[in-house]
Amino acid sequence: MRKQLRNYWEALVYFGIFLLLFIAPLLTGYVRTVTDANAEFRWGEIFGVWQILAVFLALFLIHNYLLAPLLVYKRRKVGYFLGTACLLVVFSVLACFHRPPHRPPHPDAPIHLSPAGEGHGASAPKFSHAEEKHRRPPHHRPPLMVGQGDVVGFILLFFMFGMNLGVKLYFKNERDRKEMEDLEKESLEHQLEYLKYQINPHFFMNTLNNIHALVDIDPEKAKTSIVVLSKMMRYILYEGNNKMIPLQRELDFISHYIALMRMRYTDKVKVQVGMPAGVTAGEVPPLLLITFVENAFKHGVSYQDESFINLNITVDEDRRLCFHCENSKKAAPQPGSSVQAEGGVGLANVRRRLDLIYQGQYTLDISETKATYSVKLILPLSPLTPF
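Residues numbered from 1 in each chain as written. Predicted model: local features only at pLDDT ≥ 70, side-chain atom pairs only at ≥ 80, totals over all residues. Heavy atoms only, no water.

Caption draft 1: Here's a closer look at the overall build of the chain. Secondary structure summary: the chain contains ten helices and seven strands in total. Sorting the 387 residues of the chain into buried and exposed places 34% on the buried side. Here the chain displays about 24600 Å² of accessible surface, and carbon together with sulfur accounts for 62% of that area. (Helix = DSSP H or I, 4+ residues; strand = E, 2+ residues; numbered from the N terminus. Buried < 20%, exposed > 50% of the residue type's maximum accessible area, 1.4 Å probe, protein only. Areas by Shrake-Rupley, 256 points an atom, 1.4 Å probe, with all protein chains shown as cover.)

Have a look at this one:
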């Protein structure tokens with residue numbers, strides 16, 4: 001459908017150009033009759049111009065539908081230039097046949113010339129036939145194979161063919177650009193689906209490990225955590241496949257996750273959460289923010305030492321989501337660079353998703369000290385769409 005529409009616009013451009021060319025003689029004749037009272041509207045001259053334009057139109061159609069596609073679409077340069085040369089030869093032959101006849105003056109026609117210095121009013125002297133023939137201007141030479149009008153015609157043809165190639169290349173580039181955008185969009189959707197499939201097993205693996213630990217410690221809490229997990233699974237099954245979801249549903253999912261985590265840890269873990277209630281500001285990608293919260297619990301909470309997690313989510317006046325999560329670091333981190341900073345599968349995926357969805361229109365600041373780890377994310381909220 002798009003290809004047919006682009007072909008329609010290309011044909012419309014050509015139609016508009018030649019329509020103006022055919023209307024131009026009419027306008028010229030009309031303006032001439034309006035500005036000059038003695039001028040006549042000469043249909044013969046207009047039909048003569050239209051005949052010439054008809055020849056150019058025929059050559060243009062041959063070039064547009066037979067020759068230009070060889071160069072633009074098939075890259076057959078030799079075939080294109082040979083065809084164009086043949087077209088120019090045909091044009092030259094047609095120009096020779098339709099050239100006005102050349103009529104030189106008759107060699108025996110008398111020419112009366114006044115001698116230099118003769119006074120005005122004096123009778124012109126009579127010369128003999130030999131003297132008149134001697135004083136006659138030389139005969140006109142035979143016409144050349146290519147006249148001045150033919151050169152102008154060739155120049156117009158080159159401009160016409162160049163215009164044809166330029167317009168066709170423009171629409172081809174637009175067609176290629178649209179196809180490339182469609183391919184990139186399709187590839188982006190496949191990548192996002194792949195990343196979401198990576199997130200779900202990673203999330204469930206950690207959550208099920210948490211529930212497994214609760215079974216031995218507190219069976220009642222384990223039952224409650226299973227109910228919370230079922231709500232989270234429902235969210236993932238029914239909302240996770242959407243490209244964007246309302247922000248409030250993502251916040252509810254995070255609240256369920258934090259409630260599940262609080263069942264597992266003791267009072268040594270201080271969890272402070274600040275989130276707006278009843279948000280109707282916009283939409284976010286599903287399962288995007290949970291990765292940072294999950295990493296905060298996984299890498300920042302200790303069973304033996306005092307630890308904390310401070311989570312603050314707000315929406316500013318510019319309809320931007322401001323996410324800030326700060327957590328303590330374990331007293332004995334693994335050797336090497338920070339495990340949480342490098343992030344594993346979850347954090348690497350969320351970075352990739354942000355790049356694919358927002359394409360640089362977001363701010364992600366991850367910083368750490370010896371005792372704390374902080375994540376600040378600011379991204380624009382998409383408008384709400386009805387579900």
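Having seen the structure, we can now continue with the description.
Caption draft 2: Structural context of the pattern of salt bridges. Evaluation of the coordinates by the stated rule reveals eight salt bridges. E368 is the salt-bridge partner of K329, the closest N and O atoms lying 2.8 Å from each other. Of the two residues, K329 is situated in the loop between strand 5 (320-328) and helix 9 (339-342) and E368 in strand 6 (residues 363-368); the sequence distance between them amounts to 39 residues. For K329, a relative accessible area of 25% gives the class partly exposed. Its relative accessible area of 35% is what places E368 among the partly exposed residues. (Salt bridge = Lys/Arg side-chain N within 4 Å of Asp/Glu carboxyl O.)

Caption draft 3: Fine view of unusual backbone geometry. The phi dihedral of L287 is positive, around 60°, even though this residue is not glycine. Residue placement: L287 occurs in the loop between strand 3 (283-284) and helix 8 (290-300). Phi at R319 takes a positive value of approximately 60°, unusual for a residue other than glycine. You can see R319 is positioned in the loop between strand 4 (307-315) and strand 5.

Caption draft 4: Up close: the packing of aromatic side chains. Inspection of the entire model under this criterion finds twelve aromatic pairs. An aromatic cluster of three or more residues is present, and its members are F41, W43, F47 and W50. (Phe/Tyr/Trp six-rings, centres within 6.5 Å; stacked < 30°, edge-to-face > 60°.)

Caption draft 5: Representation of the sheet that holds strand 5 in the model. The strand order across the open sheet built from five strands is 2-4-5-7-6, with neighbouring strands paired in mixed fashion. Both outer strands of the open sheet, strand 2 (269-274) and strand 6, are each paired with one neighbouring strand and no more. The average undirected angle you get between the axes of adjacent strands in this sheet is 5°. Bridge count for strand 6 against strand 7 (residues 372-380) is six bridges, and the pairing is antiparallel. Directly across from D365, in strand 7, lies its bridge partner K376. Across the sheet, helix 7 (residues 247-264) lies against strand 2, strand 4 and strand 5, angled at about 170° from strand 4, the strand it touches most. (Pairing = 2+ DSSP bridges. Axes fitted to C-alpha atoms, helices over the stretch in contact; angles between N-to-C directions. Contact = heavy atoms within 4.5 Å.)

Caption draft 6: Molecular detail of the packing of helix 7 against helix 8. Direction vectors running N to C along helix 7 and helix 8 enclose 15°, while the axes themselves pass 10 Å from each other. Viewed along their axes, helix 7 and helix 8 adopt a mutual orientation that is roughly parallel. The chirality of how helix 7 crosses helix 8 is right-handed. Contacts from E250, F253, I254, Y257, I258 and M261 in helix 7 reach I290, V293, E294 and F297 in helix 8. Of the residues belonging to the contact of helix 7 with helix 8, the class tally is eight nonpolar, no polar and two charged. (Parallel < 35°, antiparallel > 145°, perpendicular 65-115°, else oblique. Left-handed = near helix turned anticlockwise from the far one by under 90°. Nonpolar A, V, L, I, M, F, W, Y, C, P; charged D, E, K, R; others polar.)

Caption draft 7: Local environment of helix 8. Among the eleven residues that make up helix 8, ten are buried, leaving the element largely enclosed by the rest of the structure. All buried positions along helix 8 are accounted for by I290, T291, F292, V293, E294, N295, A296, F297, H299 and G300.

Caption draft 8: Spatial organisation of helix 7. Given a rise of 1.5 Å per residue, 18 residues ought to cover 26 Å, and the 27 Å separating the end C-alpha atoms of helix 7 matches this to within 8%. Within the sequence span of helix 7, burial applies to L247, Q248, E250, L251, F253, I254, Y257, I258, L260, M261 and M263. (Expected span 1.5 Å × (residues − 1).)

Caption draft 9: Fine view of a nonpolar patch on the surface. Taken together, Y8, W9, L12, F15, L19, I23 and L27 make up a surface patch of nonpolar side chains, about 700 Å² in accessible area. Mapped onto the elements of the fold, F15 is located in helix 1 (residues 2-35). (Patch = residues over 30% accessible without salt bridge, like charges linked within 9 Å, V, L, I, M, F, W, Y side chains within 5 Å.)

Caption draft 10: The pairing of strand 5, seen in detail. With seven bridges connecting them, strand 4 and strand 5 associate as antiparallel partners. Within strand 5, the residue paired with T314 across the bridge is C322. Hairpin remark: strand 4 followed by strand 5, antiparallel, with four residues in the connecting loop; positive phi at R319, about 60°. In this structure, strand 5 lies alongside strand 7, joined through nine bridges in antiparallel fashion.

Caption draft 11: The environment of A296, seen in detail. On the secondary structure map, A296 appears in helix 8. Remark: the alpha-carbon pair of A296 and E326, spanning 30 residues in sequence, is separated by 7.6 Å.

Caption draft 12: Examining the packing of helix 6 (residues 219-239) against helix 7 more closely. With their axes 10 Å apart at the nearest point, helix 6 and helix 7 run at an angle of 155° to one another. Here helix 7 runs roughly antiparallel to helix 6, going by the angle between their axes. Between helix 6 and helix 7 lies a crossing of left-handed hand. Residues K221, T224, S225, V228, K231, M232, Y235, I236 and E239 of helix 6 touch helix 7, and the partners they reach there are R249, E250, F253, H256, Y257, L260 and M263. Of the residues assigned to the contact of helix 6 with helix 7, the class counts are eight nonpolar, three polar and five charged.

Caption draft 13: Molecular detail of the environment of G29. Here G29 lies in helix 1. According to the relative accessible area criterion, G29 is buried, its value standing at 5%. In the structure, G29 is positioned 13 residues away from R42 in sequence and 7.4 Å away in space, judged by C-alpha atoms.

Caption draft 14: Local environment of the nonpolar core. Judged by nonpolar contacts, the single largest core of 52 residues is most densely connected at V293, F297, F323, L377 and L379. For this core, the element with the highest residue contribution is helix 7, accounting for nine residues. (Core = buried A, V, L, I, M, F, W, Y, C linked by side-chain atoms within 4.5 Å.)

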